[in-house]
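Fold and contact review
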Amino acid sequence: NFNNSVGTLVQLVKSTTSFTAFTASPAASSTYGQSVTFSATITGSFGNPTGAVQFQVNGNAIGPPVSLAASGGVSGIASYTTSALPAGSAYAISGV
C-alpha cells in the first residue's frame, strides 16, 4: 500500500551565443581625427541576443558598453564610433 508522490525536476537550458563578425570602417587604416566605427555581430541559438558589448583598444575599455540592437531574428549588432585614437600606432581592437 503506497501513497501518491510528486517530484519536480528543473532543467535550465542556456542559449549559446558567439561573435560571428567583428568589423571596422574604414577597414585597414585611418588618418588622425578621422571617425572609425567598430561593429560586433552576435548570433544566438534562437531569438535575438540581448546584452551589451564593451569595445576595447589594446585591452582597455573605450567608451561605454553598447547595447545590442536586434537584427534578422537571431542576431544582434553593437557599433561604436570614435575619432579619438592617437596617431602613429596600430591597435588591437576587441569586444567583450
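All of the points below concern the structure found in this document.

Conventions adopted
Residues numbered from 1 in each chain as written. Predicted model: local features only at pLDDT ≥ 70, side-chain atom pairs only at ≥ 80, totals over all residues. Heavy atoms only, no water. Helix = DSSP H or I, 4+ residues; strand = E, 2+ residues; numbered from the N terminus. Pairing = 2+ DSSP bridges.

**Some points on unusual backbone geometry**
- Cis rather than trans, the peptide bond between Ser25 and Pro26 has omega equal to 5°.
- Of note, Pro26 is situated in the loop between β1 (17-25) and β2 (36-44).
- Even without being a glycine, Asn58 presents a positive backbone phi close to 50°.

**Structural notes on the pairing of strand β8 (residues 75-82)**
- Where β2 lies against β8, eight bridges are found, and the strand directions are antiparallel. Counted as the bridge partner of Thr37 is Thr81 from β8.
- Here three bridges tie strand β7 (residues 69-71) to β8, and the two strands are oriented antiparallel to one another. Each bridged residue has a counterpart across the sheet, and for Ala69 the counterpart in β8 is Ile77.
- Counting the residues between successive antiparallel strands, the hairpin from β7 to β8 contains three residues, one of them, Gly72, with a positive phi of roughly 75°.

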